[in-house]
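Residues per chain, in single letters:
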Amino acid sequence: MFKKGSFEVGGTIYPVAIKYDPRFGDAFWDSSKQSYMQYLGMMLTSWALVCDVWYLPPMTRKSDESAVEFANRVKAEIARKGGLVDLMWDGQLKRMKVKREWIAKQQKEYSKRLKVE
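Nothing here was measured: the structure is a model prediction, and the numbers come from that model.

A. Structural context of the packing of aromatic side chains. Summed over the entire model, instances satisfying the criterion amount to three aromatic pairs. On the numbers, 5.3 Å between centres and 85° between planes, the contact of Phe7 with Phe70 is edge-to-face. Of the two residues, Phe7 is situated in helix α1 (residues 5-8) and Phe70 in helix α3 (residues 67-82); the sequence distance between them amounts to 63 residues. The exposure classification of Phe7 matches that of Phe70, with both residues buried. Taking the centre distance of 5.4 Å and the plane angle of 85° together, the rings of Tyr20 and Phe28 count as edge-to-face.

B. Representation of the nonpolar core. Core analysis: the largest hydrophobic core is formed by 10 residues, namely Phe7, Ile13, Ala17, Leu56, Met59, Ala67, Phe70, Ala71, Val74 and Ile78. In terms of residue count, α3 provides more of this core than any other element does, five residues in total.

About the cut-offs
- Residues numbered from 1 in each chain as written.
- Predicted model: local features only at pLDDT ≥ 70, side-chain atom pairs only at ≥ 80, totals over all residues.
- Heavy atoms only, no water.
- Phe/Tyr/Trp six-rings, centres within 6.5 Å; stacked < 30°, edge-to-face > 60°.
- Helix = DSSP H or I, 4+ residues; strand = E, 2+ residues; numbered from the N terminus.
- Buried < 20%, exposed > 50% of the residue type's maximum accessible area, 1.4 Å probe, protein only.
- Core = buried A, V, L, I, M, F, W, Y, C linked by side-chain atoms within 4.5 Å.

Printed below as a string of C-alpha cells:
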C-alpha cells in the first residue's frame, strides 16, 4: 500500500511494476510460516529469483486530484500493467481479521453486480 505523503509533495512519480515469478524461488518472506534464517537459507540456495519489470510512463498529480486519489491512480496503473489485483489493503490482512466495513463494502459491490434491471 502506498502512503499518501509521497504523493502530497508534488512533482513527478516514475512508477515501476515488478512481478516476481515463484518458479525458482519465492521472493517473499512469510514470517508466520518460517523464521528469517530459514527464509535466508532458501534465498541463498534457490536457483534464481526471476521477476518481470515494467517501467511505466511518468505520472503527475492532476489539479483536481487529492494525494490519496493520485496514489490510488498510480497503484491501479501498476497493478494493471503487472497483471495484479488492485486491492485496498496490504499483505497484513493474512495476520488479522477482516474489518466489518471492508466486508460490508465488498458485499455491497457484489450485490450491485448481481442486480438485474
